[in-house]
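Structure assessment
The primary structure of each chain is shown beneath.
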Amino acid sequence: MESSRAARRRARRFPRRLLTYTALACVAVVGATAGGTVYVKAQAHSGNSAVSSAATPSDSPSTGTTTQEAAVAETVVDLDARLADAMASVGVAGEQKVSAAVLDLESGDSALYGDGAFDTASIVKVDILAALLLRHQDAGTRLSAREKAYATTMIENSDNASASALWDAIGKAAGLDAANETFGLTGTAGGDGALWGLTRTTAADQLTLLQQVFGDDSKLSEASRSYLRGLMGQIEADQQWGVSAAADGSGWALKNGWLPRSTTGLWDVNSIGRVSVDGHAYLVAVLSNGNSTQAKGISLVEAAAKAAVSVFTGEEASASASANATSAAAR
């Protein structure tokens, strides 16, 4: 259930979900009557060569004047709609729900599917460390040796005891919420008491958080971003699933979260991170709940990650992502 903190916050929308292609056409009309030959030259904004076409002249000759006209043609691509189309191929069964968001780091364009709030499970560990790093920046201090040890095992191994220690260090939910206000997250609220895994968030907010870690326009220093990115790039072998399924093998950095809910017996399975495809970097966040097993949740998340990246790569998303799930304990 969503806390009152999240309820008070407005839902965030990314501003660059439309790709606009503009072609400037210069039209030269030779002859004032229907007897003239009409030549049309159109040049797209991204190219230098002109394309000419000629209308068939009539039988009537003419003398006349020359007229020039300019026209602008626009083709608008709705990236949210494109992602919705891609997600249609992702199999969602039973009580499963999924939300996905993707951002092209080069262009800044993004797409979002679904806007509901989900339990974070262990993906909140990225947010916890980001909040801790921000606190040290503001204080002009550095992580202690103990905090670094906790940070490493929390991110690379998803260690819960380490997460609890750093959750306390940042001031629990109040500290997380304060940092997230600075980061620009508007739909995330820290879990009650010691329940950091029940922090509620949206895919849009997770994309904003990833921009703080992997983007240049960030409240975190370059040193802080580099430190967090390094840990996310060294996840232990049995946790290397999720958004990494959308990468082409050239690089990824991620954090996953999985949690069986005692109230329903169903699984929350989430994955956030950066993936590279043909040397191009994308930020991807996929959140899901209502999964009957962890393996089915992983399969859903991986298929959704592929669908998200396909918005920009044009490659067909597959719903049959392999599920290399483990029987690890709830994180």
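Scroll up to find the structure.
Below, the structure is looked at part by part.

The next point concerns the overall build of the chain. Within the chain, the secondary structure is distributed over nine helices and eleven strands. For the chain, the residues scored as buried account for 47% of the 331 residues in total. Excluding contacts between residues fewer than 6 apart, the proportion of contacts in the chain whose partners are at least 24 apart in sequence is 67%. Looking at the chain as shown, the accessible area adds up to about 15,300 Å², and 50% of this sits on carbon and sulfur atoms.

The next subject is helix α3 (residues 124-139). For α3, built from 16 residues, the straight-helix expectation of 22 Å at 1.5 Å per residue is met to within 8% by its first-to-last C-alpha distance of 23 Å. Of all 16 residues in α3, twelve are buried, a share of seventy percent or more. Those residues of α3 not exposed but buried are V124, K125, V126, D127, I128, L129, A130, A131, L132, L133, L134 and H136. The positive-phi residue at the C-terminal boundary of α3 is G140, with phi of around 70 degrees.

Okay, the sheet that holds strand β6 (residues 110-113) next. Neighbouring strands of a sheet are bound in pairs by backbone hydrogen bonds; such pairs are parallel or else antiparallel. Taking strand neighbours across the sheet as the criterion, the five strands line up as β6-β5-β11-β10-β9 in an open arrangement whose pairing is antiparallel. Looking at which strands have only one partner, the edges of the open sheet turn out to be β6 and β9 (252-260). Strand-to-strand twist in this sheet, taken as the mean axis angle between neighbours without regard to direction, amounts to 5 degrees. The sheet contact formed by β9 and strand β10 (residues 267-277) spans nine bridges and is antiparallel. Note on β10: the bridge partner recorded for N256 is S271.

The next subject is the pairing of strand β11 (residues 280-291). With respect to burial, β11 is a largely interior element, ten of its twelve residues being buried. When strand β5 (residues 97-104) meets β11, the two strands line up antiparallel, connected through eight bridges. Counterpart to A100 in the pairing with β11 is V286. With ten bridges connecting them, β10 and β11 associate as antiparallel partners. Across the sheet, residue V275 finds its bridge partner in β11, namely Y282. Hairpin connection from β10 to β11: two residues lie between these consecutive antiparallel strands, with D278 at a positive phi of about 55 degrees.

Another aspect to go through is the packing of α3 against helix α6 (residues 172-183). Running from N to C, α3 and α6 point in directions that differ by 80 degrees, and their axes come no closer than 9 Å. If you check the angle between α3 and α6, you find them roughly perpendicular. For the pair α3 and α6, contact is made by V124, D127, I128, A130, A131 and L134 and by L176, A179, N180, T182 and F183, respectively. The class makeup of the residues in the contact of α3 with α6 is eight nonpolar, two polar and one charged.

Contact geometry of helix α4 (residues 145-156) with helix α5 (residues 160-169) gives a least axis separation of 8 Å together with a crossing angle of 130 degrees. Classified by the angle their axes make, α4 and α5 are oblique. Read as a crossing pair, α4 and α5 show a hand that is left-handed. Counting all contacts with α4, which are made through E147, Y150, A151, T153 and M154, the residues of α5 involved are S162, A163, A165 and L166.

Before going further, it helps to examine the pattern of salt bridges. A side chain of one charge can pair with a side chain of the opposite charge when the charged atoms of the two come close. Here the structure, examined in full by the defined rule, presents four salt bridges. Ionic pairing is found between R200 and D119, a salt bridge with its closest N-O pair at 3.0 Å. With R200 in strand β8 (residues 200-201) and D119 in strand β7 (residues 118-119), this residue pair connects regions lying 81 residues apart in the sequence. You'll find R200 and D119 in the same group, each marked buried. Between R261 and D119 there is a salt bridge whose closest N-O contact spans 2.6 Å. Taken together, the residues span a long stretch of sequence, with R261 in the loop between β9 and β10 and D119 in strand β7 at a distance of 142 residues. Here the residues in one salt-bridge network are D119, R200 and R261, joined through shared partners.

Parameters at a glance
Residues numbered from 1 in each chain as written. Predicted model: local features only at pLDDT ≥ 70, side-chain atom pairs only at ≥ 80, totals over all residues. Heavy atoms only, no water. Helix = DSSP H or I, 4+ residues; strand = E, 2+ residues; numbered from the N terminus. Buried < 20%, exposed > 50% of the residue type's maximum accessible area, 1.4 Å probe, protein only. Contact = heavy atoms within 4.5 Å. Areas by Shrake-Rupley, 256 points an atom, 1.4 Å probe, with all protein chains shown as cover. Expected span 1.5 Å × (residues − 1). Pairing = 2+ DSSP bridges. Axes fitted to C-alpha atoms, helices over the stretch in contact; angles between N-to-C directions. Parallel < 35°, antiparallel > 145°, perpendicular 65-115°, else oblique. Nonpolar A, V, L, I, M, F, W, Y, C, P; charged D, E, K, R; others polar. Left-handed = near helix turned anticlockwise from the far one by under 90°. Salt bridge = Lys/Arg side-chain N within 4 Å of Asp/Glu carboxyl O.

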